[in-house]
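Residue-level structure breakdown
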Amino acid sequence: MEENVSRYHSVQIYEERCKGCTICVTTCPVEAIRVHRGKAHIIEERCIDCGECIRRCPSKAKYTSSPELKILTEYEQTTVLIPPTFYAQFPENYTVPEIRFALRKLKFTFTTDIAQDAIVISKAAADFLTANKIPQKPVISSSCPAVIKLIQRRFPALTNNILPFIPPVEHAARRIRKKMSSSAVKNGIFFISPCPAKITAARRPTGYAVSQIDNSFTISSIYLPVLSILKQLTPEESEMAFTEDQVFSSGTIWCCESGEAQCINKFIQNTSFKWISASGIAQVIETLEAIEDGQLNEYDFVELATCIGGCIGGSLTITSIPQAHAITRVRLAHKTRIRDNAKLINYTDAHNAVPDIRLTEEITPLPVHSLSNNFAEARKRMERIEEISKTLPGLDCGSCGAPNCRTLAEDIVCGSANLEDCVIIMKQKYEEYLFGKYS
């Protein structure tokens, strides 16, 4: 484990690039960023790794670190778990077998598609949803770790609504680990992630104790090395790429908005099954608020992704969302181009390989912070927050380094900010000082 790795998030900040502009502060959906002394800082327990700050930062000061490829030399054999989103980054003229071949030229021993495991989880979810043993409706997908964190922090009453299954990437890792368990060599399992949330989930999973993923690369860090190899492939190498069994599952649609719900729906014959989906942090919050208010009880399943368009719009991807969607559609339409001897994973075999796909730990609420463990003291602080809020201008401009005036009041009461951080109040006091009215 790397030093100084957060327990809560994978988003990091280049301090030398940060200009203290507060754009990340005012656009963070969970109020996890502050600017102090001209530099942005992340509040550990608030961040959900949605990646909004990475998208928004004009100085490119927010990032997610990725290991160097030389880390592969620490293992005798390595397997790379490929999400459907990864294939969507490359033009259609580069085939799936060629992309997998390029990854092996980067010294990955084996490649495996997560899309096939998505089908396994879809079938299990369909069985769960039709068993009429749902504790709370609607059931919320467990595939987006940023959504799970958001629910834990802002919608704790909905933790019991979360689908109690591991995500497809963890299913793939467990399947590969079991397959390799009889080998005496040191095996490493790596994931190519489209977002910081999935990197954190592999390091510090929620709902299960340990992940079988050894480390994660970002899509943005792997894209150029793979593209470079693809551009230099000889006709012989392109032909060689087709010599092994290749997999391109219909589970690929999971990377797009509503893809998971569509896959689950295929396994449910009941026409009364109702689902709804939302992508992008704003729509996700709006949907969770509606669920909390009891407005969506008529639906059986809700698929949520904090990235617009689904995982295909992850903050660590390269290709634009519309183009990536188009590429995915083309690949699904032309999957027959893969040789006839290609074999899709057998559902029964995959289920037997990883028989227990349910979460083993309860997903519990994680309150962001407590004003005090003492009720009387917490009440006094709340009253103080209300008093300070009334003295603030209510502009929510973010110039103080906090996302809004209410949050600044909380920070002041908690001792991490001062009233003079508000530029309006500071201006007033400066004018009072200039005209001799400052006391």
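Structure first, text after, so check above.
These notes cover the structure that comes with them. (Residues numbered from 1 in each chain as written. Predicted model: local features only at pLDDT ≥ 70, side-chain atom pairs only at ≥ 80, totals over all residues. Heavy atoms only, no water.)

**Concerning the sheet that holds strand 9 (residues 215-218)**
Pairing is parallel across the open sheet formed by 4 strands, whose spatial order is 6-5-8-9. Of all strands in the sheet, those with a lone pairing partner are strand 6 (110-113) and strand 9, marking the two edges. Within the sheet, the average angular offset between the axes of one strand and its neighbour, ignoring direction, is 25°. Looking at chain direction, strand 5 (residues 77-82) and strand 6 are connected through 4 bridges and run parallel. Paired with Ile-82 across the two strands is Asp-113, which belongs to strand 6. (Pairing = 2+ DSSP bridges. Helix = DSSP H or I, 4+ residues; strand = E, 2+ residues; numbered from the N terminus. Axes fitted to C-alpha atoms, helices over the stretch in contact; angles between N-to-C directions.)

**Points about the packing of aromatic side chains**
The full count for this structure, using the stated rule, is 8 aromatic pairs. Arranged with centres 5.9 Å apart and planes meeting at 90°, the rings of Phe-108 and Phe-217 form a pair that is edge-to-face. You can see Phe-108 sitting in the loop between helix 4 (96-105) and strand 6 and its partner Phe-217 sitting in strand 9, a full 109 residues away along the chain. Neither Phe-108 nor Phe-217 differs from the other in exposure class; each is buried. Both rings, one in Phe-190 and one in Phe-217, keep their centres 5.6 Å apart while their planes meet at 40°; by these two values the pair is tilted. Of the two residues, Phe-190 is situated in strand 8 (residues 187-193) and Phe-217 in strand 9; the sequence distance between them amounts to 27 residues. (Phe/Tyr/Trp six-rings, centres within 6.5 Å; stacked < 30°, edge-to-face > 60°. Buried < 20%, exposed > 50% of the residue type's maximum accessible area, 1.4 Å probe, protein only.)

**Side note on a negative patch on the surface**
Judged by side-chain charge, Glu-286, Glu-289, Glu-292 and Asp-293 come together as a negatively charged surface patch. Considering the arrangement of structural elements, one finds Asp-293 in the loop between helix 12 (281-292) and strand 11 (301-305). Its relative accessible area of 55% is what places Asp-293 among the exposed residues. (Patch = residues over 30% accessible without salt bridge, like charges linked within 9 Å, V, L, I, M, F, W, Y side chains within 5 Å. Areas by Shrake-Rupley, 256 points an atom, 1.4 Å probe, with all protein chains shown as cover. Salt bridge = Lys/Arg side-chain N within 4 Å of Asp/Glu carboxyl O. Lys, Arg positive; Asp, Glu negative; His and termini not counted. Charge placed at Lys NZ, Arg CZ, Asp CG, Glu CD.)

**Some thoughts on the nonpolar core**
When a protein is soluble and globular, its nonpolar side chains tend to lie buried together. Grouped together as the largest cluster of nonpolar side chains are 67 residues, with contacts concentrated most on Ile-33, Leu-129, Leu-150, Ile-151, Ile-264, Leu-288 and Leu-304. Counting residues per element, this core draws most heavily on helix 5 (residues 115-129), at 8 residues. If near-sequence neighbours (up to four positions away) are discounted, Ile-151 is found in contact with Ile-140, Pro-156, Leu-158, Thr-159, Ile-162 and Leu-288. Of all hydrophobic cores here, the second largest spans 28 residues; its members include Tyr-75, Val-80, Ile-192 and Phe-217. (Core = buried A, V, L, I, M, F, W, Y, C linked by side-chain atoms within 4.5 Å. Contact = heavy atoms within 4.5 Å.)

**What about helix 4?**
Most of helix 4 is tucked away: 9 of the 10 residues are buried. The first or second residue beyond helix 4 is Lys-107, which carries a positive phi of 90°.

**Focus: the sheet that holds strand 7 (residues 139-140)**
Sheet architecture is open: 3 strands sit in the order 7-11-10, paired in parallel fashion. Every other strand in the sheet has two partners, leaving strand 7 and strand 10 (275-279) as the edge strands with one partner each. Pairing of strand 10 with strand 11 involves 5 bridges; the strand directions are parallel. The residue of strand 11 that forms the bridge with Ile-276 is Val-302. Each of strand 10 and strand 11 touches helix 11 (residues 259-266); the most contacted strand, strand 11, lies at about 150° to it.

**Focus on the environment of Ser-389**
With respect to the helices and strands, the residue Ser-389 is situated in helix 15 (residues 375-391). Through-space distance from the C-alpha of Ser-389 to that of Val-139 is 38 Å; in sequence the pair is 250 residues apart. When residues no more than four places from it in sequence are discounted, the contact partners of Ser-389 are Arg-406 and Ala-409. Side-chain polar atoms of Ser-389 contact the backbone oxygen of Ile-385, separated by 2.8 Å. (Polar contact = N/O pair within 3.5 Å; in protein donor to acceptor, adjacent residues only side chain to side chain.)

**Focus: the side chain of Glu-237**
If you trace the backbone, Glu-237 turns up in helix 10 (residues 235-240). A relative accessible area of 17% means that Glu-237 is categorised as buried. Once residues within four sequence positions are removed from consideration, Glu-237 is found in contact with Phe-101, Lys-105 and Gln-232.

Note that every value here comes from positions in space, so none of it alone points to a role or purpose.
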